[in-house]
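What follows is the residue order along each chain.
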Amino acid sequence: FDYDRDGDLDIFVVSANGPSKLYRNNGGNTLNYLTVKLRGNRLNSEAIGARVYATVGDETQMRELRAGSNFVSQNPAEAHFGLDAATSVDALRIVWPDGKTIELTDVPANQMLTVGYPQPAPPSVISITPNTGDVAGGEEVVIAGANYSADFPNSIAVTIGGADCASIVVDNDGQITCNTPAGTEGAKDVVVTATYNATGATSGTLVGGYTFTVPVIVPLVPRILDIGPNPSASQFTIRFELPSDASGSLLIYDVAGRLVSQFGPFTSVGNPRTVFWNGTNTRGNPAAAGVYFLRLETTRGSSDTRKIVIVR
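Just so you know, these numbers come straight off a predicted model, no measurement behind them.

A.B. asks: Help me get a handle on the pattern of salt bridges, residues and values and all.
C.D. replies: Under the defined criterion, the tally for this structure stands at 9 salt bridges. Of the charged contacts in the structure, one is a salt bridge between D4 and R24, with a shortest N-O distance of 2.8 Å. A residue pair is termed long-range when its members are at least 10 positions apart, and D4 in the segment before strand 1 (11-13) and R24 in the loop between strand 2 (21-23) and strand 3 (32-39) qualify at 20 residues. Under the relative-accessibility criterion, D4 is labelled partly exposed at 22%.

A.B. asks: Tell me what's going on with a nonpolar patch on the surface, and back it up with residues and numbers.
C.D. replies: Taken together, I11, V13 and Y23 make up a surface patch of nonpolar side chains, about 290 Å² in accessible area. Note that Y23 resides in strand 2. The partly exposed category is assigned to Y23, whose relative accessible area is 47%.

A.B. asks: Account for unusual backbone geometry, naming residues and giving values.
C.D. replies: Residue P231 is reached from N230 by a cis peptide bond, and omega for that bond is 15°. Position of P231 among the secondary structure elements: in the loop between strand 20 (223-228) and strand 21 (236-241). At A47, a residue that is not glycine, the phi angle is positive and equals roughly 55°. Its identity is not glycine, yet N110 carries a phi of approximately 60°, on the positive side. Mapped onto the elements, N110 comes out in the loop between strand 8 (101-108) and strand 9 (112-116). For N110, a relative accessible area of 40% gives the class partly exposed.

A.B. asks: Mind laying out the packing of aromatic side chains, listing which residues take part and the relevant values?
C.D. replies: Going through the model one piece at a time under the given rule, you end up with 5 aromatic pairs. When the ring of F1 is compared with that of Y3, the centres are 6.5 Å apart and the planes differ by 75°; the resulting orientation is edge-to-face. Classification of F1 by relative accessible area gives partly exposed; the value is 26%. Judged by relative accessible area, which is 16%, Y3 ranks as buried. Plain terms: the ring middles of W277 and Y292 are 6.2 Å apart, the flat faces sit at 75° to each other, and that makes the pair edge-to-face. Placement of W277 in strand 24 (residues 273-277) and of Y292 in strand 25 (residues 290-298) is noted, with a sequence separation of 15 residues between them. In this structure W277 comes out as buried when scored by relative accessible area, which is 1%. Cluster of aromatic residues (ring-pair linked, three or more members): F236, W277 and Y292. The cationic tip of R93 hangs over the ring face of Y53; the distance from NZ or CZ to the ring centre is 5.8 Å.

Reading the values: rules and limits
- Residues numbered from 1 in each chain as written.
- Predicted model: local features only at pLDDT ≥ 70, side-chain atom pairs only at ≥ 80, totals over all residues.
- Heavy atoms only, no water.
- Salt bridge = Lys/Arg side-chain N within 4 Å of Asp/Glu carboxyl O.
- Helix = DSSP H or I, 4+ residues; strand = E, 2+ residues; numbered from the N terminus.
- Buried < 20%, exposed > 50% of the residue type's maximum accessible area, 1.4 Å probe, protein only.
- Patch = residues over 30% accessible without salt bridge, like charges linked within 9 Å, V, L, I, M, F, W, Y side chains within 5 Å.
- Areas by Shrake-Rupley, 256 points an atom, 1.4 Å probe, with all protein chains shown as cover.
- Phe/Tyr/Trp six-rings, centres within 6.5 Å; stacked < 30°, edge-to-face > 60°.
- Lys NZ or Arg CZ within 6 Å of the ring centre and 35° of its normal.

This is the structure:
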């Protein structure tokens, strides 16, 4: 793995009966490289099982992200490619564990590239039927749209003139069928709100006096952005961000699940945030060498976890 992020690979050896050792490659070479880090979905945040293909010219390299590659240790869930003299990757193809794919082209060399799990397309409204401006209360209307069905992990709400529609049904073709609330005769605002794990919104005007908006509620998740250097003997710089609607704390546990140190609580004001851990426990004593787990927890119950390794 690339401990110091300089493009050449280093070796970290965990000994069962002695101190751990870091063999840092300071000589390296002047050739080019690309390191790819994947940010998976909530159930597989490190995208274990994904395959990354890097093509330069007529040659393609493949790396599979795996866990449990060694005894009492494992390689980082990263894909490292040596590129020789190439200054870019012609095509970078990522096959996620669930079969979804992403392909990037002309990716510059000599960087650590982070790629997120593909998100569904933002919602959109195509039409509302009937749309005559004089729909009676209780009448069924059909809202034709896109990405309102399986792509939505949570919920959809429809209001007309500020009142909730009843009997909302969404089919696999992206059509919403619902009954208009009482008192909605005449031209009213039709608002479709989708709980959706992405950013963006769309808006416009429909024929017949209706207006519609599709606000996207963004249930952001907490994210640990970076830990560096890692492994380290004493000083870790930790960057993270919190959802706008929740506070959170950083908690460090040992492999037995015991709390070693903690920071916070924090709010989302000042995102992204940076804290420094000097490798000590809550009593101020140096923590033993080994693997620890950094967990970013929020008041909503969501979290993100990363590994930290102390070498002495």
